[in-house]
Amino acid sequence: MADARPLPAAKQGSPLRLFAGLPGGHLGLVSLLVGLLLLFAFLVPGFLSVATLNSFMYQLPLLGLLSLAMIVPLMSGGLNLAIIATTSQSALLMVWIMGTLAPPGTGGSSAFLVILLALAAGLLLCVLIGLLTGALVAYTGVHPILVTLGTKSLIDGVSIYLTRGMALSGVPDAFAAAAASTPLGVPLIFLLLVAVAVAVGVILKHTPFGLACAMIGSNPEATRYSAVDTGRVLVGVYALSSVVCFFAALVMIATFNSASADYAQSYLLVTILAAVLGGVDPFGGFGTVTGLMIALAILQLLSSGLNQFGVSTYLTVAIWGATLILVVVAQTFAARLPARFRRRK
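Basis of the calculations
Residues take numbers from 1 onward in each chain, read along the sequence in its written order. Only residues with pLDDT of at least 70 get local features here, since the model is predicted, and only at 80 or more are side-chain atom pairs given and counted; chain-wide, interface and lining totals rely on the full set of residues. The side-chain numbers reported here are obtained from all heavy atoms of the structure, hydrogens and water having been left aside. Note on geometry: axes are C-alpha line fits, over the in-contact stretch for helices, and angles between N-to-C directions span 0 to 180 degrees. Only DSSP runs of H or I covering at least 4 residues are called helices, and only runs of E covering at least 2 are called strands; the numbering of each starts at the N terminus. Reported orientations rely on four angle classes, namely roughly parallel under 35 degrees, roughly antiparallel over 145, roughly perpendicular from 65 to 115, and oblique for the rest. Crossing handedness is read from the near helix: turned anticlockwise from the far helix by less than a right angle, it gives a left-handed crossing, and turned clockwise, a right-handed one. Any pair of residues with heavy atoms lying within 4.5 Å of one another is described as a contacting pair. In what follows, a disulfide is any cysteine sulfur pair within 2.5 Å. Scored from 0 to 100, pLDDT reflects the predictor's confidence in each residue. For every residue, the accessible area (1.4 Å probe, protein chains only) is compared with the maximum for its type, and the residue is labelled buried under 20%, exposed over 50%, or partly exposed between those bounds. A patch is a set of surface residues, each over 30% in relative accessible area and not in a salt bridge, joined within 9 Å for like charges and within 5 Å for the nonpolar side chains Val, Leu, Ile, Met, Phe, Trp and Tyr. Every accessible area reported is derived by Shrake-Rupley at a probe size of 1.4 Å, with residue values counting cover from the shown protein chains alone. A pair is scored as a salt bridge if a Lys or Arg side-chain nitrogen falls within 4 Å of a carboxyl oxygen belonging to Asp or Glu. Only rings of Phe, Tyr and Trp enter the pairing, Trp through its six-membered ring, and a pair is recorded when the two centres are within 6.5 Å. The plane angle decides the type: under 30 degrees is stacked, over 60 is edge-to-face, the rest tilted. Charged residues are taken to be Asp, Glu, Lys and Arg, nonpolar residues to be Ala, Val, Leu, Ile, Met, Phe, Trp, Tyr, Cys and Pro, and polar residues to be all remaining types, Gly included. Multiplying 1.5 Å by the helix residue count minus one yields the expected span of that helix.

**Student:** Is there a simple way to explain the packing of helix H2 (residues 50-75) against helix H12 (residues 289-308) in this structure?
**Tutor:** The geometry of a pair of packed helices is captured by two quantities: the angle between their axes and the separation between those axes. Closest axis-to-axis distance for the H2/H12 pair is 10 Å, and the angle between their directions is 140°. Viewed along their axes, H2 and H12 adopt a mutual orientation that is oblique. Along this stretch, H2 crosses H12, giving a crossing that reads as right-handed. On the side of H2, the interface is formed by Phe56, Gln59, Leu60, Leu63, Gly64, Ser67, Leu68 and Ile71, while H12 contributes Val289, Leu292, Met293, Leu296, Ala297, Gln300, Leu301 and Ser304.

Structure follows, in structure tokens:
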């Protein structure tokens, strides 16, 4: 039977799968997280404090949601380079609607209705971008990198042209207050990250759609012979990725109290770094949201700890890249050791 074909050699025994399983697969990531936490606690007095925890919960959501938007196409063997552009344009649209129809000072039911209208428009825009991108990937045969690079350039160009590269502000007081709220002492934007992460994790691991994504990422040819409508699934992959971008847009507005086409541009490659560090196979088919979230915690912990030493944020990004290289090299050697022992025996 076609669906019984063996996976390609690149999929079998991939060293990146060492961190992908449960529970032992995440042991290395958790150990690294705990080790960094203890190291910074020893080197930086007062690092283990409520202030550090609050900073962590405010800084992680935007990068976390963008990484979740990236992991969905990665699981299918694709890539979405338009996640930042989609997020920024959705945020710009929502801020423009709110600032035009309900400027600061507007209260009552009018502001509430305008906020709902803005949220609906932002979500609809993300869905349309996702459907268009998915259709191009699924039915043209063009590689996802080229398709999403094109959509990224198109979306960024439109956003910059319409705003002249300027940031838009004018968020209603009601929206700003809700975004800055802390239910039970936890920032609302962090709770949003947790909720979206749980939802994406359930979709990818416990639904037929998620199984089809993994199958396409593992062996697209075998998937086609398994009565799976791969085109329809791929459209859904990029639509889901763009829907997650809508939630990232909400966090972007809440974080900056404005929107701009330039916000979060440096996060694009970091989302891929976090996914691969978390055990997602860049060839597709394997990975977990749990591993991604632990990897994000590691990267944010590195950023917070190095910031205490006055290290430049630009150098922090370089250290993130070096961390990824070290982890991948370590995984590769770990995967080769058992084979060498078998040869000696």
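Don't stop here, the text continues.
**Student:** Would you take a moment to explain the state of the cysteines for this structure?
**Tutor:** Two cysteines joined by a covalent bond between their sulfur atoms form a disulfide. Inspection of every chain in the model, using the stated rule, returns 0 disulfides. There is no disulfide at Cys126, and the cysteine sulfur nearest it, in Cys245, is 6.1 Å away.

**Student:** Help me out: how do you make sense of the confidence of the model for the protein chain in this one?
**Tutor:** Low pLDDT marks regions whose predicted coordinates should not be analysed in detail. When pLDDT is averaged across the protein chain, the result is 83; 87% of the residues are at 70 or more. In the predicted structure, residues 1-24 sits below a pLDDT of 50 and forms 54 contacts with residues beyond four places in sequence or in another chain.

**Student:** Mind showing me how you'd approach the side chain of Thr163 here?
**Tutor:** Relative to the assigned elements, Thr163 resides in helix H5 (residues 144-163). With residues near it in sequence (within four places) discarded, Thr163 still touches Leu92 and Leu168.

**Student:** Where do I start with unusual backbone geometry in this structure?
**Tutor:** Trans is the common state for peptide bonds, and a negative phi is the common state for residues other than glycine. In this structure, Arg164 is a non-glycine residue whose phi angle is positive, near 55°. Residue class for Arg164 comes out exposed when judged on its relative accessible area of 58%. The phi torsion at Ala264 lies on the positive side, around 65°, for a residue other than glycine. By relative accessible area, Ala264 is classed as buried at 12%.

**Student:** Explain a nonpolar patch on the surface here, please?
**Tutor:** Residues Leu39, Phe42, Leu43 and Phe309 make up a contiguous nonpolar surface patch of about 440 Å² in total accessible area. With respect to the helices, strands and loops of the structure, Phe42 is situated in helix H1 (residues 27-43).

**Student:** Is there a simple way to think about the packing of aromatic side chains in this case?
**Tutor:** Aromatic ring pairs: the centre-centre distance and the angle between the two ring planes describe each pair. Counted according to the given criterion, the structure contains 3 aromatic pairs. Taking the centre distance of 5.6 Å and the plane angle of 40° together, the rings of Phe40 and Phe47 count as tilted. Residue classification places Phe40 among the buried positions, given a relative accessible area of 5%. Given the relative accessible area of 3%, Phe47 is considered buried. Note on Phe256 and Tyr263: the rings are 4.3 Å apart at their centroids and 25° apart in plane angle, and the pair reads as stacked. Exposure remark for Phe256: the relative accessible area of 37% places this residue in the partly exposed category.

**Student:** Help me understand the packing of H2 against helix H10 (residues 230-256) in this model?
**Tutor:** Close contact between H2 and H10 brings their axes to 8 Å; oriented N to C, the two are set at 170°. Judged by the inter-axis angle, H2 sits roughly antiparallel to H10. In this structure, H2 contributes Pro61, Leu62, Leu65, Leu66, Leu68, Ala69, Val72 and Pro73 to the contact, and H10 contributes Val237, Tyr238, Leu240, Ser241, Val244, Cys245, Phe247, Ala248, Val251, Met252 and Phe256. Partitioning the contact of H2 with H10 into residue classes produces 18 nonpolar, 1 polar and no charged.

**Student:** Help me understand the environment of Thr86 in this model?
**Tutor:** Within the secondary structure, Thr86 sits in helix H3 (residues 83-101). Among the residues examined, Thr86 registers a relative accessible area of 2% and is labelled buried. Along the chain, Thr86 and Gly122 lie 36 residues apart, while their C-alpha atoms are 9.8 Å from each other.

**Student:** Looking at this structure, I do not really get H1. What am I missing?
**Tutor:** One turn of an α-helix holds 3.6 residues; hence residues three or four places apart share an orientation. Its 17 residues place the ends of H1 24 Å apart at the C-alpha level, agreeing with the 24 Å of an ideal helix rising 1.5 Å per residue. Buried-residue contacts for H1 involve helix H11 (268-277) and H12.

**Student:** Looking at this model, I keep getting lost on the environment of Asn257. Mind explaining?
**Tutor:** Of note, Asn257 is situated in the loop between H10 and H11. A relative accessible area of 41% places Asn257 in the partly exposed class. Along the chain, Asn257 and Ala176 lie 81 residues apart, while their C-alpha atoms are 7.1 Å from each other. Excluding residues within four positions of it along the chain, Asn257 makes contact with Ser169, Val171, Ala176 and Met252.

**Student:** Any chance you could explain the side chain of Ser67 here in plain terms?
**Tutor:** Counting through the fold element by element, Ser67 comes out in helix H2. Overall, Ser67 belongs to the buried group, its relative accessible area being 0%.

**Student:** Is there a simple way to explain the pattern of salt bridges in this structure?
**Tutor:** Side chains bearing opposite charge may pair, as long as their charged atoms lie close to each other. One pass over the structure, following the stated rule, counts 1 salt bridge. A salt bridge links Lys152 to Asp156; the nearest nitrogen and oxygen atoms lie 3.2 Å apart. Separated by 4 residues within a single helix, Lys152 and Asp156 lie in helix H5, roughly one turn from each other.

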